[in-house]
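Observations on chain architecture
Below are the chains, spelled out letter by letter.
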Amino acid sequence: MTRSVLSAAELYEAERATMLTVPESMLMDAAARAIAKECSALVPTGPVALLVGSGNNGGDALLAGALLAGSRDVTAVLVGSSAHERGLAALADAGGTVVAGDSPTAPDAVAGAALVVDGIVGLGAKAGLRPEATRLVDAISPDARVFAVDLPSGLEADSPSAELPHVRADVTVTFTALKRCLVENPAAASAGRVVLAEVGVAL
């Protein structure tokens, strides 16, 4: 782990090299524990909505949601055509619920949450959100707290720009190293408080 700013390409290479000897599941479980810890500190009680994309950020959110579901209501709202299978199974086993992002009940699940966990897209995503994701982000209650996994969705890791639709987080837990969008404004203003977590990726 380093407090230096690394590019998405540098981080992908570090993850690739690490996963030659460390199972990806171990890295994701470490990320989930860090997310759950910070989520509990941010909002200790009340319902949780997970905005879950198709990639590993969505998987991290699901696994963290499974850790939170033992003591509170957790609903995963699937933003995309698929989701991390192990994360879905873990959430179901813990008593969490899952709704499709295009379901009529999805915006209500988001609007009723005290804590919204953003796991829509991650490190390699381009700037901006798709319309279906924007619809759900717009449903977040102004009274809710928002937690971003690795970086707020809609921001681009290697850019300080914040012109396109994106998530505005109260807290962002990022992994292994800082990203440019988390330390340079205007993008950094949408990341809130940034927590750098160690998950086992060697640099």
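The sections below set out a description of the structure shown in this document. (Residues numbered from 1 in each chain as written. Predicted model: local features only at pLDDT ≥ 70, side-chain atom pairs only at ≥ 80, totals over all residues. Heavy atoms only, no water.)

**Some words on the sheet that holds strand 5 (residues 115-119)**
- The seven strands are arranged 4-3-2-5-6-7-9 in an open sheet whose pairing can be described as parallel. In this open sheet, the two strands that pair with only one neighbour each are strand 4 (97-100) and strand 9 (193-197). Averaged over all neighbouring strand pairs, the angle between strand axes comes to 20°, with direction disregarded.
- Where strand 3 (residues 74-78) and strand 4 come together, four bridges link them in parallel fashion. Each residue of the ladder has a partner; that of Thr75, found in strand 4, is Thr97.
- Running at roughly 160° to strand 2 (residues 48-52), helix 3 (residues 56-68) makes contact with strand 2, strand 3, strand 5, strand 6 (145-149) and strand 7 (171-175) of the sheet. (Pairing = 2+ DSSP bridges. Helix = DSSP H or I, 4+ residues; strand = E, 2+ residues; numbered from the N terminus. Axes fitted to C-alpha atoms, helices over the stretch in contact; angles between N-to-C directions. Contact = heavy atoms within 4.5 Å.)

**Description of the packing of helix 2 (residues 24-42) against helix 3**
- Orientation of helix 2 relative to helix 3, taken along the N-to-C sense of each, is 55°, at an axis distance of 8 Å. Between helix 2 and helix 3, the angle is such that the two are oblique. The chirality of how helix 2 crosses helix 3 is right-handed. Residues Glu24, Met28, Asp29, Ala31, Ala32, Arg33, Ile35, Ala36, Cys39 and Ser40 of helix 2 lie in contact with helix 3, whose contacting residues are Asn56, Gly59, Asp60, Leu63, Ala64, Leu67 and Leu68.
- For the contact of helix 2 with helix 3, a count of residues per class yields ten nonpolar, three polar and four charged. (Parallel < 35°, antiparallel > 145°, perpendicular 65-115°, else oblique. Left-handed = near helix turned anticlockwise from the far one by under 90°. Nonpolar A, V, L, I, M, F, W, Y, C, P; charged D, E, K, R; others polar.)

**What about helix 2?**
- Taking 1.5 Å per residue as the helical rise, helix 2 with its 19 residues ought to reach 27 Å, and the 27 Å between its terminal C-alpha atoms agrees with that figure.
- When helix 2 is considered as a whole, its buried residues turn out to be Leu27, Met28, Ala30, Ala31, Ala32, Ala34, Ile35, Ala36, Glu38, Cys39 and Leu42. (Expected span 1.5 Å × (residues − 1). Buried < 20%, exposed > 50% of the residue type's maximum accessible area, 1.4 Å probe, protein only.)

**Things to note about the pairing of strand 3**
- Among the five residues in strand 3, five count as buried, and that is most of the element.
- A two-sided burial pattern is seen for strand 3, the buried positions comprising Val74, Ala76 and Leu78 on one face and Thr75 and Val77 on the other.
- As defined by bridge partners, strand 2 adjoins strand 3 across five bridges and the pair is classed as parallel. Considered in strand 3, the bridge of Val48 is made with Val74.
- Tracing the backbone out of strand 2, into helix 3 and back to the parallel element strand 3 gives a crossover that is right-handed.
- Read from strand 3 through helix 4 (residues 85-93) to strand 4, the crossover connection turns out right-handed. (Right-handed = clockwise from strand over helix to strand, strands pointing away.)

**So, the packing of helix 3 against helix 4**
- Orientation of helix 3 relative to helix 4, taken along the N-to-C sense of each, is 15°, at an axis distance of 8 Å. Classified by the interaxial angle, the pair formed by helix 3 and helix 4 is roughly parallel. Here helix 3 and helix 4 pass one another in a crossing that is left-handed. Of the residues in helix 4, those in contact with Leu62, Leu63, Gly65 and Ala66 of helix 3 are Arg86, Gly87, Leu88, Ala90 and Leu91.
- Per-class residue counts for the contact of helix 3 with helix 4 are six nonpolar, two polar and one charged.

**Examining unusual backbone geometry**
- In this structure, the amide linkage connecting Asn185 to the following residue, Pro186, adopts the cis form with an omega of 10°.
- Along the polypeptide, Pro186 turns up in the loop between helix 7 (180-183) and strand 9.
- The backbone of Asp150 shows a phi angle near 75°, a positive value even though the residue is not glycine.
- For Asp150, the position within the fold is in the loop between strand 6 and strand 7.
- Residue Asp150 is classed as buried on the basis of its relative accessible area, which comes to 7%.

**Notes on the side chain of Asp118**
- Its location among the elements puts Asp118 in strand 5.
- One buried charged residue, Asp118, remains without a salt bridge, the closest side chain of opposite sign being Arg168 at 11 Å.
- Setting aside chain neighbours within four positions, we find Asp118 in contact with Leu51, Phe147, Ala148, Val149, Leu151, Pro152, Ser153 and Val167. (Lys, Arg positive; Asp, Glu negative; His and termini not counted. Salt bridge = Lys/Arg side-chain N within 4 Å of Asp/Glu carboxyl O.)

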